[in-house]
Amino acid sequence: MLKLIRILLVLCCSILISVAGVFYALVRLRNPDCVGEIAYWYSKMHKLLGIKLIRRPYTGERQPAIYIANHQNNYDMVTISSMMPKKTVTIGKRSLIWIPFFGLVYWATGNIFINREKRSSAISTMTKVGEIIQQRQISIWMFPEGTRSRGRGLLPFKTGAFHTAISAGVPIIPIVCSTLHNKVDLNRWDNGTVICEELEPIDTSTYNRDNLKELIEHCHQVMQKRIEELDAEIEQLDK
């Protein structure tokens with residue numbers, strides 16, 4: 001019964017947030033701040049799922065950057081989405097626009113679509129992203145794994161985010177969320193603690209195409225290490 005009630009509540013809230021988000025974004029003419037603000041609205045549903053969410057945003061000065069985050073499952077919408085900074089948009093596959101309600105708000109908030117079926121189109125889009133960052137002084141949020149990990153740990157990273165950071169001359173800022181796999185049971189009232197944390201910026205000025213792999217490996221190691229530390233911390237908190 002609890003599971004059914006939660007599903008209905010989350011569904012209703014998602015629809016309301018999506019509809020309100022579309023109007024809000026259109027009134028503000030697809031202002032890039034809308035993405036983070038509406039993402040934060042979605043994240044408030046963590047309370048409906050019995051999750052205690054601890055957020056640790058970076059307190060330093062903001063600048064255009066490529067934010068990279070671990071992508072675990074559908075619950076990312078109510079956990080790591082809360083960490084979306086202002087003046088930040090995302091890059092998603094074009095098929096997202098067909099998701100009822102969510103697709104419309106995703107478009108209206110000014111996110112960038114790519115066609116993953118056509119490699120030439122995706123590469124062209126990623127090349128333009130660097131120009132957009134500089135022209136509009138915005139940041140880009142990406143999931144470098146390219147797909148949900150679904151309990152398989154931090155998957156290998158694709159190169160797109162790192163190519164874009166180097167070409168735009170901006171830092172990479174990792175954002176990590178503690179492990180969600182098997183964390184949430186909709187029939188359980190209390191689903192424990194989840195921690196989302198923004199890490200220190202990683203300078204990309206000394207990297208290029210020749211040593212791109214080193215940058216990717218470094219970012220992966222930094223994120224993997226911190227996720228393991230957060231999981232250990234949560235184990236103590238939830239005891």
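Residues numbered from 1 in each chain as written. Predicted model: local features only at pLDDT ≥ 70, side-chain atom pairs only at ≥ 80, totals over all residues. Heavy atoms only, no water.

Observations concerning the UniProt feature "transmembrane region" (unreviewed entry) in the chain
Alright, step 1. The feature "transmembrane region" (unreviewed entry), as annotated in UniProt, sits at residues 7–27 and 95–114 in this numbering.
Alright, step 2. In this annotation, residues 7–27 is assigned 100% helix and 0% strand; the end-to-end C-alpha distance for the span is 30 Å.
Alright, step 3. Taken as a whole, residues 95–114 contains 35% helix and 15% strand, while its terminal C-alpha atoms sit 9 Å from one another. (UniProt positions renumbered as here; feature names shortened; annotations may be inferred. Helix = DSSP H or I, 4+ residues; strand = E, 2+ residues; numbered from the N terminus.)

Considering the pairing of strand S6 (residues 172–177)
Alright, step 1. In terms of burial, S6 is a largely internal element, six of the six residues being buried.
Alright, step 2. A two-sided burial pattern is seen for S6, the buried positions comprising Ile172, Pro174 and Val176 on one face and Ile173, Ile175 and Cys177 on the other.
Alright, step 3. Here strand S2 (residues 66–69) pairs with S6 via four bridges, running parallel. In the sheet register, Ala69 faces S6, and the bridge partner there is Ile175.
Alright, step 4. As judged from the three bridges shared by S6 and strand S7 (residues 193–198), these two strands associate in the antiparallel manner. Paired with Cys177 across the two strands is Cys196, which belongs to S7. (Buried < 20%, exposed > 50% of the residue type's maximum accessible area, 1.4 Å probe, protein only. Pairing = 2+ DSSP bridges.)

As for the sheet that holds strand S3 (residues 88–93)
Alright, step 1. Spatially, the seven strands line up as an open sheet ordered S1-S7-S6-S2-S5-S3-S4, and their pairing is mixed. If you trace the sheet from one side to the other, it starts and ends with strand S1 (52–56) and strand S4 (112–114), each paired once. Ignoring strand direction, the axes of neighbouring strands in this sheet form an average angle of 20°.
Alright, step 2. Relative to the sheet, helix H5 (residues 160–168) contacts S2, strand S5 (139–142) and S6, its axis offset from that of S2 by approximately 160°. (Axes fitted to C-alpha atoms, helices over the stretch in contact; angles between N-to-C directions. Contact = heavy atoms within 4.5 Å.)

Observations regarding the layout of surface pockets
Alright, step 1. Taken as a whole, the second largest pocket holds about 160 Å³ of empty space.
Alright, step 2. In this structure, the second largest pocket is lined by 14 residues; those nearest its centre are Gln72, Gly153, Leu154, Thr179 and Ile227.
Alright, step 3. Across the lining of the second largest pocket, the residue classes break down as two nonpolar, nine polar and three charged. (1 Å grid on protein atoms, 1.4 Å probe; cavity = no way out; pocket = protein on both sides within 12 Å on 5 of 7 lines; lining within 4 Å. Points joined across faces, edges and corners; volume = space filled by probe spheres on them. Nonpolar A, V, L, I, M, F, W, Y, C, P; charged D, E, K, R; others polar.)

Side note on the nonpolar core
A general trend in soluble globular proteins is that nonpolar side chains are found buried together.
Alright, step 1. In terms of nonpolar packing, the biggest core is built from 63 residues, with Ile66, Ile68, Ile140 and Phe162 touching the most fellow members.
Alright, step 2. Sort the elements by how many residues they give to this core and helix H6 (residues 212–237) lands first, with eight residues.
Alright, step 3. Not counting the four nearest positions on each side in its chain, Ile66 is found in contact with Ile133, Ile140, Met142, Ala161, Thr164, Ala165, Val170, Pro171, Ile172 and Ile173. (Core = buried A, V, L, I, M, F, W, Y, C linked by side-chain atoms within 4.5 Å.)

Looking at a positive patch on the surface
Alright, step 1. Together, Lys93, Arg148, Arg150 and Arg152 make up a region of like positive charge exposed at the surface.
Alright, step 2. Topologically, Arg148 is positioned in the loop between S5 and H5. (Patch = residues over 30% accessible without salt bridge, like charges linked within 9 Å, V, L, I, M, F, W, Y side chains within 5 Å. Areas by Shrake-Rupley, 256 points an atom, 1.4 Å probe, with all protein chains shown as cover. Salt bridge = Lys/Arg side-chain N within 4 Å of Asp/Glu carboxyl O. Lys, Arg positive; Asp, Glu negative; His and termini not counted. Charge placed at Lys NZ, Arg CZ, Asp CG, Glu CD.)

With respect to empty space enclosed by the protein
Alright, step 1. Enumeration over the complete set of coordinates arrives at one cavity of 30 Å³ or more.
Alright, step 2. Each pocket or cavity is described by its volume, and for the largest cavity that value is around 50 Å³.
Alright, step 3. Forming the walls of the largest cavity are Tyr58, Glu61, Arg62, Gln63, Tyr67, Ile173, Glu198 and Pro201.
Alright, step 4. A class-by-class count of the residues in the lining of the largest cavity yields four nonpolar, one polar and three charged.

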